[in-house]
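Single-letter residue listing:
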Amino acid sequence: MYLEIITPDKKVFAGEVVSAQFPGTNGSFEVLDLHAPLISTMESGRIRITTSAGQEFYTVDGGVVEVLNNKIIVLAESVIA
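Residues numbered from 1 in each chain as written. Predicted model: local features only at pLDDT ≥ 70, side-chain atom pairs only at ≥ 80, totals over all residues. Heavy atoms only, no water.

### Here's the deal with the side chain of Ser40
Part 1 of the argument: Counting through the fold element by element, Ser40 comes out in strand S5 (residues 38-51).
Part 2 of the argument: We classify Ser40 as buried; its relative accessible area is 16%.
Part 3 of the argument: Contacts of Ser40, omitting those with residues within four sequence positions, involve Gly24, Phe29, Gly63, Val64 and Val65. (Helix = DSSP H or I, 4+ residues; strand = E, 2+ residues; numbered from the N terminus. Buried < 20%, exposed > 50% of the residue type's maximum accessible area, 1.4 Å probe, protein only. Contact = heavy atoms within 4.5 Å.)

Here is the structure:
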């Protein structure tokens, strides 16, 4: 899967991931390979990304997640790596 995390200022992350977990407004959720299309809002919290090299964490201050055709786009208010 391809993931992009974007803020109004910059692109924070772009690359292939195995899975990604997000702080959804109605609870956290995880996206895996070939996930069904999805659009969700995020609350402030932590994004966990699993890549072939290991795990990375980003703290976001709310935003939106879109999953479509094995591509995830995160539009975040702000991100602290």
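Anyway, onward from the coordinates.
### What about the side chain of Ser19?
Part 1 of the argument: Mapped onto the secondary structure, Ser19 falls in strand S3 (residues 19-24).
Part 2 of the argument: For Ser19, a relative accessible area of 6% gives the class buried.

### Re a nonpolar patch on the surface
Part 1 of the argument: On the surface, Ile39, Val64 and Leu75 cluster together to form a nonpolar patch covering roughly 280 Å² of accessible area.
Part 2 of the argument: Relative to the assigned elements, Ile39 resides in strand S5. (Patch = residues over 30% accessible without salt bridge, like charges linked within 9 Å, V, L, I, M, F, W, Y side chains within 5 Å. Areas by Shrake-Rupley, 256 points an atom, 1.4 Å probe, with all protein chains shown as cover. Salt bridge = Lys/Arg side-chain N within 4 Å of Asp/Glu carboxyl O.)

### A short note on the pairing of strand S1 (residues 2-6)
Part 1 of the argument: Pairing between S1 and strand S2 (residues 11-16): 5 bridges, direction antiparallel. Counted as the bridge partner of Ile5 is Phe13 from S2.
Part 2 of the argument: Connecting the antiparallel pair S1 and S2 is a turn made up of 4 residues.
Part 3 of the argument: Bridge count between S1 and strand S7 (residues 71-76): 5 bridges; the pairing is parallel. (Pairing = 2+ DSSP bridges.)

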